[in-house]
Protein chains: 2
Amino acid sequence: MFRQESSAEGFLTLPANIYEMFPMFVDISAKRVVVFGGGNVAERKVRQILESGCRNIEVYSLDFADELKKRYRNGEIECIKCDLWHADIDKIVEGAFIVIICTDDDALNERIYEIARFSSSLVNYGDKGDMFMSSVIRKDGFIIAISTSGSSPAMARRMKRRIASVICDDDAKMLRIQTWLRAHLRNFVHDPNQRREILNNVLNSSECWEALDDDIESAKARIANFVDSMIEMMQKCSQ
Amino acid sequence: MFRQESSAEGFLTLPANIYEMFPMFVDISAKRVVVFGGGNVAERKVRQILESGCRNIEVYSLDFADELKKRYRNGEIECIKCDLWHADIDKIVEGAFIVIICTDDDALNERIYEIARFSSSLVNYGDKGDMFMSSVIRKDGFIIAISTSGSSPAMARRMKRRIASVICDDDAKMLRIQTWLRAHLRNFVHDPNQRREILNNVLNSSECWEALDDDIESAKARIANFVDSMIEMMQKCSQ
């Protein structure tokens, strides 16, 4: 049945637009997010949006999953109980930065989408809208977002676990040192190209990576020494 | 000097907002992007935006890097030569989805930022704006975006290379099979929870991963068999 019917499908191709999504990291703490639907999918998406510090989330539905009810009681989100077939979608959508469509009624989803797509909001709707969410790793100062452009969320989650496991303690330490170096070098080295060269040299130096075996303060001191001699050399060269 | 002066800094901390950026993948093909500055940074950012299929990019500057001039001649971007100290920034920014500020004049950047931040555009400006770009991997159907919230682009690029290397051929094959399965299962299994269970079972089955050693069509056939028996079992259980 499944096998026979689908074997005529021929070669498997990925959607044409798979690479044409632009990844960006946005501060949505002050933005308005509207969610249509109150089920498990809504719950999952709301959770991810809350993680980014957004506190202006409105959820529209007839029923709400328990977790959403709890968040409403905690004052984390607004839950607006309504029959979306008779709601003024235009008005609800107006001024929203993101609109998420995930009711369990396909026809209703389509109705909402046909209105929302002409608004100025970004629309998240299965693999149809113009905005995809992703599997996200927040670890040791890194944020890593993994998408398959909606074609396989399960596969994105699987890659998430694998990728999280390749970020090790030394990376976390090096990121902290690079962040500090990048900020403080500005006081010592005027030329941005020279600053970039120094940062890259630290990143490519086995000596600096070895320094990370020590505690962070000792590592920092050793790497500062390394940077010091590099600055000295640059100054000699420019004299 | 560098070492002595900076050793008083004490413990290294990451910026407080490091985790509060929301990663999203957006179709910007029909959106307007405004870039202030025509140097190497602008060139790099323009290249990344072009990769996402955006063809409505305006670059404002007195001078333009060679690569930008070439893209202008190819009709890929607009280059508008002007003295931004005397330009009507408000008007330029109006209606832009993204505004990127990267002239080599810090005071000018600040002037532009003080206007752009009150617009409805997303603003990319060093570590100050409300939108960060990232290091991006586009490989085998995956899009992976890596950010350090602007604190260390060099470290993000380093992680990019490492992460790209953990995506292997089998992952690419499995993604294509999952994408195909997910689309076609809809015709055979009505319950979305059951469909999700099947997709996850395939992903967790060593038999299905072993099938990927074959060419993609044979792998697809073996995995379709596996799915077939799973559907049969589910039907028996529900009878």
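Note that the coordinates shown come from a computational prediction; the quantities given were computed from them, not determined experimentally. (Residues numbered from 1 in each chain as written. Chains lettered and ligands numbered in written order. Predicted model: local features only at pLDDT ≥ 70, side-chain atom pairs only at ≥ 80, totals over all residues. Heavy atoms only, no water.)

Colleague: Can you explain the pairing of strand 3 (residues 57-61) of chain B? Please cite residues and give values.
Modeller: All names here are of chain B. Burial runs high along strand 3: five of the five residues are buried. Across the two faces of strand 3 the burial is the same, with I57, V59 and S61 and E58 and Y60 all buried. Two elements, strand 2 (residues 33-36) and strand 3, share four bridges in a ladder whose sense is parallel. Bridged to V33 within strand 3 is I57. Read as a crossover between parallel neighbours, the route from strand 2 over helix 2 (residues 40-51) to strand 3 is right-handed. (Buried < 20%, exposed > 50% of the residue type's maximum accessible area, 1.4 Å probe, protein only. Helix = DSSP H or I, 4+ residues; strand = E, 2+ residues; numbered from the N terminus. Pairing = 2+ DSSP bridges. Right-handed = clockwise from strand over helix to strand, strands pointing away.)

Colleague: Talk me through the relation of the copies chain B and chain A; I want residue IDs and the actual numbers.
Modeller: One copy of the chain maps onto the second through a rotation about an axis and a displacement along it. Expressed as a screw transformation, the operator carrying chain B onto chain A has a rotation angle of 180 degrees and an axial translation of 0.0 Å, and the superposed copies differ by an RMSD of 0.1 Å. Within this description, the copies of the chain are treated as partners about a two-fold rotation axis. Most of the interface of chain B is mirrored in chain A, where 99% of its interface residues again form contacts. (Least-squares fit on C-alpha atoms with pLDDT ≥ 70 in both. Contact = heavy atoms within 4.5 Å.)

Colleague: Explain the environment of K91(B) to me, using residue names and the numbers behind them.
Modeller: Residues and elements named next belong to chain B. Topologically, K91 is positioned in helix 4 (residues 89-93). Taking the relative accessible area as the measure of exposure, K91 reaches 63% and is therefore exposed. The sequence separation of K91 and Q48 amounts to 43 residues, and the corresponding C-alpha distance is 25 Å.

Colleague: Requested: an account of the packing of helix 8 (residues 192-203) of chain A against helix 10 (residues 216-238) of chain A, with residues and values cited.
Modeller: Residue and element names in this part refer to chain A. Running from amino to carboxyl end, helix 8 crosses helix 10 at an angle of 140 degrees, the nearest separation of the two axes being 11 Å. Classified by the angle between their axes, helix 8 and helix 10 sit oblique to one another. Where helix 8 crosses over helix 10, the handedness of that crossing is right-handed. Seen from helix 8, the contacting residues are Q194, E197, I198, N201 and V202; seen from helix 10, they are I223, F226, V227, M230, I231 and M234. Class assignment of the residues belonging to the contact of helix 8 with helix 10 gives a composition of eight nonpolar, two polar and one charged. (Axes fitted to C-alpha atoms, helices over the stretch in contact; angles between N-to-C directions. Parallel < 35°, antiparallel > 145°, perpendicular 65-115°, else oblique. Left-handed = near helix turned anticlockwise from the far one by under 90°. Nonpolar A, V, L, I, M, F, W, Y, C, P; charged D, E, K, R; others polar.)

Colleague: Lay out the packing of aromatic side chains in plain terms, naming residues and giving numbers.
Modeller: All names here are of chain A. Counted under the stated rule, the structure contains four aromatic pairs over all chains. For the ring pair F36 and Y60, a centre distance of 5.8 Å and an interplane angle of 35 degrees mean the geometry is tilted. With F36 in strand 2 (residues 33-36) and Y60 in strand 3 (residues 57-61), the pair connects residues that are 24 residues apart, well separated along the chain. Exposure class is identical for F36 and Y60. Each is buried. Residue placement shows K31 over the ring face of F97; its charged tip is 4.8 Å from the ring centre. (Phe/Tyr/Trp six-rings, centres within 6.5 Å; stacked < 30°, edge-to-face > 60°. Lys NZ or Arg CZ within 6 Å of the ring centre and 35° of its normal.)

Colleague: Tell me about a positive patch on the surface, and please be specific about residues and values.
Modeller: A contiguous patch of positive charge on the surface is contributed by R44(A), R157(A), K160(A), R161(A) and R196(B). Here the positive patch gets three residues from one element, more than from any other, and that element is helix 6 (residues 153-164) of chain A. Structurally, R196(B) is set in helix 8 (residues 192-204). (Patch = residues over 30% accessible without salt bridge, like charges linked within 9 Å, V, L, I, M, F, W, Y side chains within 5 Å. Areas by Shrake-Rupley, 256 points an atom, 1.4 Å probe, with all protein chains shown as cover. Salt bridge = Lys/Arg side-chain N within 4 Å of Asp/Glu carboxyl O. Lys, Arg positive; Asp, Glu negative; His and termini not counted. Charge placed at Lys NZ, Arg CZ, Asp CG, Glu CD.)

Colleague: Lay out the domain arrangement of chain A with the relevant residues and their values.
Modeller: Residue and element names in this part refer to chain A. Splitting chain A by domain gives domain 1 (22-133), domain 2 (134-166) and domain 3 (169-238). With centres defined by C-alpha atoms, the gap from domain 1 to domain 2 works out at 22 Å. Facing the six residues of domain 1 at the interface are seven residues of domain 2. Note on domain 1 versus domain 2: buried area summed over both sides is about 610 Å², and carbon and sulfur give 51% of it. Seen at the junction of domain 1 and domain 2, the total is one salt bridge. Residue E51 is joined to R138 by a salt bridge in which the shortest nitrogen-to-oxygen separation is 3.8 Å. Counting across the domain 1 and domain 2 interface gives two residue pairs in polar contact (both at pLDDT 80 or more). Class assignment of the residues belonging to the side of domain 1 that touches domain 2 gives a composition of three nonpolar, two polar and one charged. (Domains from an automatic or database assignment. Buried area = accessible area lost by both parts, 1.4 Å probe. Polar contact = N/O pair within 3.5 Å; in protein donor to acceptor, adjacent residues only side chain to side chain.)

Colleague: Can you tell me about the packing of helix 7 (residues 169-185) of chain A against helix 6 (residues 153-166) of chain B, naming the residues and giving the values?
Modeller: Their axes nearest at 9 Å, the elements helix 7 of chain A and helix 6 of chain B cross at an angle of 150 degrees. If you check the angle between helix 7 of chain A and helix 6 of chain B, you find them roughly antiparallel. Touching D171(A), M174(A), L175(A), Q178(A) and R182(A) of helix 7 of chain A are P153(B), A154(B), M155(B), M159(B) and R162(B), all from helix 6 of chain B. Each residue belonging to the contact of helix 7 of chain A with helix 6 of chain B can be placed in one class, and the counts come to six nonpolar, one polar and three charged.

Colleague: Lay out the side chain of T103(A) with the relevant residues and their values.
Modeller: Residues and elements named next belong to chain A. Turning to its location among the elements, T103 is positioned in the loop between strand 5 (98-101) and helix 5 (106-116). One polar contact links the side chain of T103 to the main-chain amide nitrogen of D105, over a distance of 3.1 Å. Beyond its immediate chain neighbours, meaning those up to four positions away, T103 contacts F36, G37, L84, L108, N109 and I112.

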